[in-house]
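Residue-level structural notes
Spelled out from the first residue to the last, the chains are:
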Amino acid sequence: MTGVLDILWLIPALPLLVSAILSLTPARVKGGAAPLSIGALGLGFLIACAALAEAVSDPGQVRAHNFTWFEFGSSAVKIGWVLDPLSALMLVMVTFVAGWIFVFSIGYMSHDENFTRFYCFLSLFTSAMLGVVMSNSLLMLFACWEVMGLASYLLIGFWHHRPSAAAAARKAFIYTRIGDIGFLLGMLWLYAETGTLLLYDNGAGCLEANALTQLAGAAISTGMAASTGIALLLFCGAIGKSGQIPLHVWLPDAMEGPTPVSALIHAATMVAAGVFLMARIHPLSTATASAKPIVTATAPANATAQSAQPAVRMEAAPKSQAHAEAAAKPTEAGGDSTSSPTLTLNVMAWVGALTALLASLVAVAQYDIKRILAYSTVSQLGFMFLGLATGGPAVGVFHLLTHAFFKALLFLGAGSVIHGCHEEQDIRRMGGLWRRMPATFGTYAVGMMALSGVPLLFSGFWSKDEILHSALAWSGSKWPFALGLVAAVATAFYMTRQMAYVFFGPHRGHPAMYEQGHRIPVTQPHESPMVMTLPLGVLAACAILLTVVGTPMWPWLHSVLSGHAPEVRREVSVGVLFAMLISILAAGTGFTAGWICYMRRRASGFNDGDPLQTRIPSIWRCLESRGWIDELYKMSFGIWTAAAGRFCDWLDRIVLGGGVRMIQNAALATAWMGRLWDEFFLNGGFARGCEQTRNSADRASLVQNGQIQRYLRILAGALALVALWIIWK
Amino acid sequence: MTFYLALSVLLFCVGLAGVLARRHAIMALIGIELMLNAANINFIAFWRHSSAADDLSGMFWMIFSVAIAAAEAAVGLALVILVFRHRRSVRLDELESLKG
């Protein structure tokens, strides 16, 4: 049964190979790029499905394949890949969603002259993500993570002739790099503590029991356990990659790339990598000195409903026990082990909840269709981190998976709208599109309802409900739950607003253009071709069908991710029903408010102010300018960086440059002296010598007349002389 | 024995004289062939009158030598042809581009 594990490396290797081939293909050859990339991903999808089947057949087991990359001295650097339900699920999701995005791109990018280059980058990007997902070593994960950063830079700046796209690419690259420094430091620290970067290695990996106890026991000077410090540093990397506060600002700007890229970055790959990382190292962030790393689920009373969450085993351990243990080892643990959730989980929950709230509020006041979705992504990622922190990997990853489908759907839908409206992105210039683009409208509505959590039918409802439920049952603070709840209301609200602007009301595009005196030939918005609507349909179907794996009645995903065989539960506890009721109420509130504001009084012209703008102008201005966070960074870090740059410039010009010029002048003076000496003293003697040599050479060359027979005669004469000498002797 | 050696010396000297004196490249080549054959005669002669006349080593040496001479002649003629094509002449005294 090790068959699938042995060929697992093919999944990322195939797109990588395709990308290498395409990078060598001349730009004018356009035919092969799309079929090749999609074929590689399709093959990867099949392998991933086989891998999933194998992983699910025994969900508790972690299968890893490790090998030595290189050695220096006595220590060897090992890398490898891992097959467990988490990686298998991610592999299936990434290959599937990315595959449909690739199909969509055929239509969307058909007019672009760099079609082949686009697919080359897309393949590279997907390959890196697949590498992240299946790697069993933090080092390999980090390498793929960085490749992904590079590919995202290339893709966001794909239209690099636009200054804004180039700036956005640079911004994304730099902001994620800030987080990556944390990742790198955490990785080094981990290596220093445990001597390995392998995650699973038959008991010797850094996520397994021995290393975890060691890490949780090792305290640094401030009293924080090493595991906490490492997990927090790794979380920095996740913050950068997944666009959490305070590093979220790159993500909305990344909308400058082509829309399929936005779908890929915001749904299946890049931002998911951060959440995935935290899910992967979840044992590390829950490890405390007081809790044994492997404890069978001792679910507290208020979480019985979802007792299939052994992932919460450590932070949900009864308080009294934690106190007792902490008292037994007072020197080993600081403040974090006396309360139930570890410091890491606390930070994660707070960052996640704050991000979810702020981003969803900012999304309310945006006018760019893709920017709204971008802030929505930031907000949903916040939800995922909240779920990870409060409910364990299963909760966060379930939302990650459902979000991947419906957000890819929404982005592709937005791409279809933009394509149909001739590159118009401002929702104030749209309107009434439901009649002209029925397929896009239908699928977009599905994605919108999944995102905002319409009950029972859509996958987004179940995953978000689970997050809210586990946040409610969390043993830490209740505030993250409250923040998340408000964010859920805001989500439903801004999605209703977007639907109202884009698909309902009168079409506002072209009359406004006429007013401004544009001479653009008027063409009506049109439905996109089949190759673009088909992926929308498939993803919409998945957004609904994915419901079945995560309902409280049959928590298949949950069980599988926490290493149990799936089971069917007949009764549903009051706690779950209560949480469902709350989240239904939240979504309902959002919808109703959106309906009142936008559907009843539809905007009729481009310059009609937003209803909220007229009512609460000050808050609106703050939200519309995205909380002035960009400006804040510009005022704080930007100014200092610029000042440091100017200081370095001054240092360079005056101090260093002066020194260099002095040395230069000294060297010049020496060279002049040398030249004088050469010309007047050396040259005389040297020239005489040269002349002598030339003369003697002239005389010597008289013998050489070039005739072969002269040489032979000399040879024969010499031979005769030698012969005579031999005879005479 | 002495007769063979005398014949060989004569042949060698004739060949050497031809190589040294003739102006025509092909004639010089023929001289070289004569010198080679003089050497071959020496091979056979020393082999026949040595103590190891039973094995065929001398004969084989000679056959090798003839084969190599044939190859060398082929190369030499090819060179001559090329030189002729290049310079429209095969007179050795006109080939003096090696002059210092």
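Residues numbered from 1 in each chain as written. Chains lettered and ligands numbered in written order. Predicted model: local features only at pLDDT ≥ 70, side-chain atom pairs only at ≥ 80, totals over all residues. Heavy atoms only, no water.

1. Considerations on the overall build of chain B
Assigned secondary structure in chain B consists of 3 helices and 0 strands. When its helices and strands are written in sequence order, chain B yields α-α-α. Over its C-alpha atoms chain B spans a radius of gyration of 17 Å, topping by over 25% the 13 Å that the globule rule assigns to 100 residues. In terms of principal-axis extent, the alpha carbons of chain B reach across some 50 × 25 × 25 Å. A burial count over chain B gives 24% of its 100 residues as buried. As displayed, chain B has an accessible area near 6800 Å², and 72% of this comes from carbon and sulfur atoms. (Helix = DSSP H or I, 4+ residues; strand = E, 2+ residues; numbered from the N terminus. Rg over C-alpha atoms; globule rule 2.2 N^0.38 Å. Buried < 20%, exposed > 50% of the residue type's maximum accessible area, 1.4 Å probe, protein only. Areas by Shrake-Rupley, 256 points an atom, 1.4 Å probe, with all protein chains shown as cover.)

2. Observations concerning the overall build of chain A
Within chain A, the secondary structure is distributed over 29 helices and 2 strands. A burial count over chain A gives 54% of its 729 residues as buried. In chain A, of all internal contacts separated by at least 6 residues, the share reaching a separation of at least 24 is 78%. About 30900 Å² of surface is accessible on chain A, with carbon and sulfur atoms providing 69% of the total. (Contact = heavy atoms within 4.5 Å.)

3. Examining the packing of aromatic side chains
Residue and element names in this part refer to chain A. Inspection of the entire model under this criterion finds 22 aromatic pairs over all chains. Between the aromatic rings of Tyr367 and Tyr501, the centroid separation amounts to 6.4 Å while the plane-to-plane angle is 90°, which identifies the pairing as edge-to-face. On the criterion of sequence distance, the pair formed by Tyr367 in the loop between helix 15 (343-364) and helix 16 (369-391) and Tyr501 in helix 21 (residues 479-503) is long-range, its members being 134 residues apart. As far as burial versus exposure is concerned, Tyr367 and Tyr501 are alike and both buried. By way of ring pairs, the aromatic residues Phe102, Phe115, Phe118, Tyr119, Phe121 and Phe158 are connected into one cluster. Stacked on the ring of Phe173, the Lys or Arg Arg177 has its end atom at 4.2 Å from the ring centre. Above the plane of the ring of Phe383 lies Lys464, whose end atom (NZ or CZ) is 5.4 Å from the centre. (Phe/Tyr/Trp six-rings, centres within 6.5 Å; stacked < 30°, edge-to-face > 60°. Lys NZ or Arg CZ within 6 Å of the ring centre and 35° of its normal.)

4. Digging into the pattern of salt bridges
Residue and element names in this part refer to chain A. Within the structure shown, the criterion is met by 9 salt bridges over all chains. One salt bridge connects Glu256 with Arg162, and the closest N-O pair in it is separated by 3.6 Å. Of the two residues, Glu256 is situated in the loop between helix 10 (250-253) and helix 11 (259-268) and Arg162 in the loop between helix 6 (138-156) and helix 7 (163-194); the sequence distance between them amounts to 94 residues. Salt bridges sharing common partners tie together Glu146, Arg177 and Asp180. (Salt bridge = Lys/Arg side-chain N within 4 Å of Asp/Glu carboxyl O.)

5. Considering the side chain of Asp253 of chain A
Here Asp253 of chain A is to be found in helix 10. What Asp253 of chain A contacts, discounting residues up to four positions off in sequence, is Ala168, Lys171, Arg371 and Arg626 of chain A.

6. Things to note about the confidence of the model for chain A
Residue and element names in this part refer to chain A. In the predicted model, chain A carries a mean pLDDT of 79, and 84% of its residues have values of at least 70. Ranking the elements of chain A by mean pLDDT puts helix 14 (residues 319-328) last with 37 and helix 5 (residues 115-134) first with 91. Here residues 290-339 is modelled with pLDDT under 50, and outside its nearest four sequence neighbours on either side it reaches 61 contacts, counting other chains as well. (pLDDT = per-residue confidence, 0-100.)

7. A closer look at the packing of helix 4 (residues 85-108) of chain A against helix 17 (residues 393-420) of chain A
Residues and elements named next belong to chain A. Between helix 4 and helix 17, whose axes approach to 11 Å, the crossing angle comes to 5°. In terms of their interaxial angle, helix 4 and helix 17 are classed as roughly parallel. Judged by residue contacts, Leu86, Leu89, Met90, Met93, Phe96, Val97, Ile101, Phe104, Gly107 and Tyr108 of helix 4 engage Val397, Leu400, Leu401, Ala404, Phe405, Ala408, Leu412, Gly415, Ser416, Ile418 and His419 from helix 17. Among the residues forming the contact of helix 4 with helix 17, the class breakdown is 17 nonpolar, 4 polar and no charged. (Axes fitted to C-alpha atoms, helices over the stretch in contact; angles between N-to-C directions. Parallel < 35°, antiparallel > 145°, perpendicular 65-115°, else oblique. Nonpolar A, V, L, I, M, F, W, Y, C, P; charged D, E, K, R; others polar.)

8. Considering the nonpolar core
Membership of the largest hydrophobic core comes to 207 residues, with the highest contact counts inside it found for Leu8 and Leu138 of chain A. Setting aside chain neighbours within four positions, we find Leu138 of chain A in contact with Phe183, Met187, Leu190, Leu197, Leu199, Leu234 and Leu277 of chain A. The next biggest cluster of nonpolar side chains, apart from the first, holds 6 residues, and it includes Ala25, Leu29, Val80 and Val90 of chain B. (Core = buried A, V, L, I, M, F, W, Y, C linked by side-chain atoms within 4.5 Å.)

9. Quick word on the interface of chain B and chain A
Each partner contributes to the interface: chain B provides 13 residues, whereas chain A provides 11 residues. With both chains or domains summed, chain B and chain A bury close to 1000 Å², and 56% of this area falls on carbon and sulfur atoms. Taken together, the links from chain B to chain A amount to 0 salt bridges. The interface formed by chain B and chain A contains 4 residue pairs in polar contact (both at pLDDT 80 or more). Here the residues of the side of chain B that touches chain A are counted per class, giving 7 nonpolar, 1 polar and 5 charged. (Buried area = accessible area lost by both parts, 1.4 Å probe. Polar contact = N/O pair within 3.5 Å; in protein donor to acceptor, adjacent residues only side chain to side chain.)

10. Let's talk about unusual backbone geometry
Residues Ile245 of chain A and Pro246 of chain A are joined by a peptide bond in cis, for which omega reads 10°. Mapped onto the elements, Pro246 of chain A comes out in the loop between helix 9 (226-242) and helix 10. For Arg88 of chain B, which is not glycine, the phi torsion reads 60° and is therefore positive. Take Arg88 of chain B: it is sitting in the segment after helix 3 (57-87).

11. Here's the deal with helix 8 (residues 209-217) of chain A
Residues and elements named next belong to chain A. For helix 8, every residue scored as buried is listed here: Ala211, Leu212, Leu215 and Ala216. In an axial view of helix 8, the angular spread of the buried residues amounts to 125°, which keeps them on one side of the axis. Close packing links the buried residues of helix 8 with helix 7, helix 9 and helix 13 (282-286). (Arc of directions from axis to C-beta.)

12. Digging into a nonpolar patch on the surface
The grouping of Leu56, Met59, Phe60, Ile63, Phe64 and Ile68 of chain B at the surface amounts to a nonpolar patch, some 610 Å² of accessible area in total. Structurally, Ile63 of chain B can be placed in helix 3. (Patch = residues over 30% accessible without salt bridge, like charges linked within 9 Å, V, L, I, M, F, W, Y side chains within 5 Å.)

13. Here's the deal with the packing of helix 2 (residues 10-23) of chain A against helix 3 (residues 33-57) of chain A
Residues and elements named next belong to chain A. As a packed pair, helix 2 and helix 3 sit with axes 8 Å apart at the nearest point and diverge in direction by 170°. When the axis of helix 2 is compared with that of helix 3, the two are roughly antiparallel. Side by side, helix 2 and helix 3 meet where Leu10, Ile11, Leu14, Pro15, Val18, Ile21 and Leu22 of the first sit next to Ala33, Leu36, Ser37, Ala40, Leu41, Leu43, Gly44, Ile47 and Ala48 of the second. Its residues placed into classes, the contact of helix 2 with helix 3 shows 14 nonpolar, 2 polar and no charged.

14. Considering the environment of Glu54 of chain A
Among the structural elements, Glu54 of chain A can be located in helix 3. Once the C-alpha coordinates of Glu54 of chain A and Arg508 of chain A are considered, the two residues, 454 residues apart in sequence, prove to be 53 Å apart.

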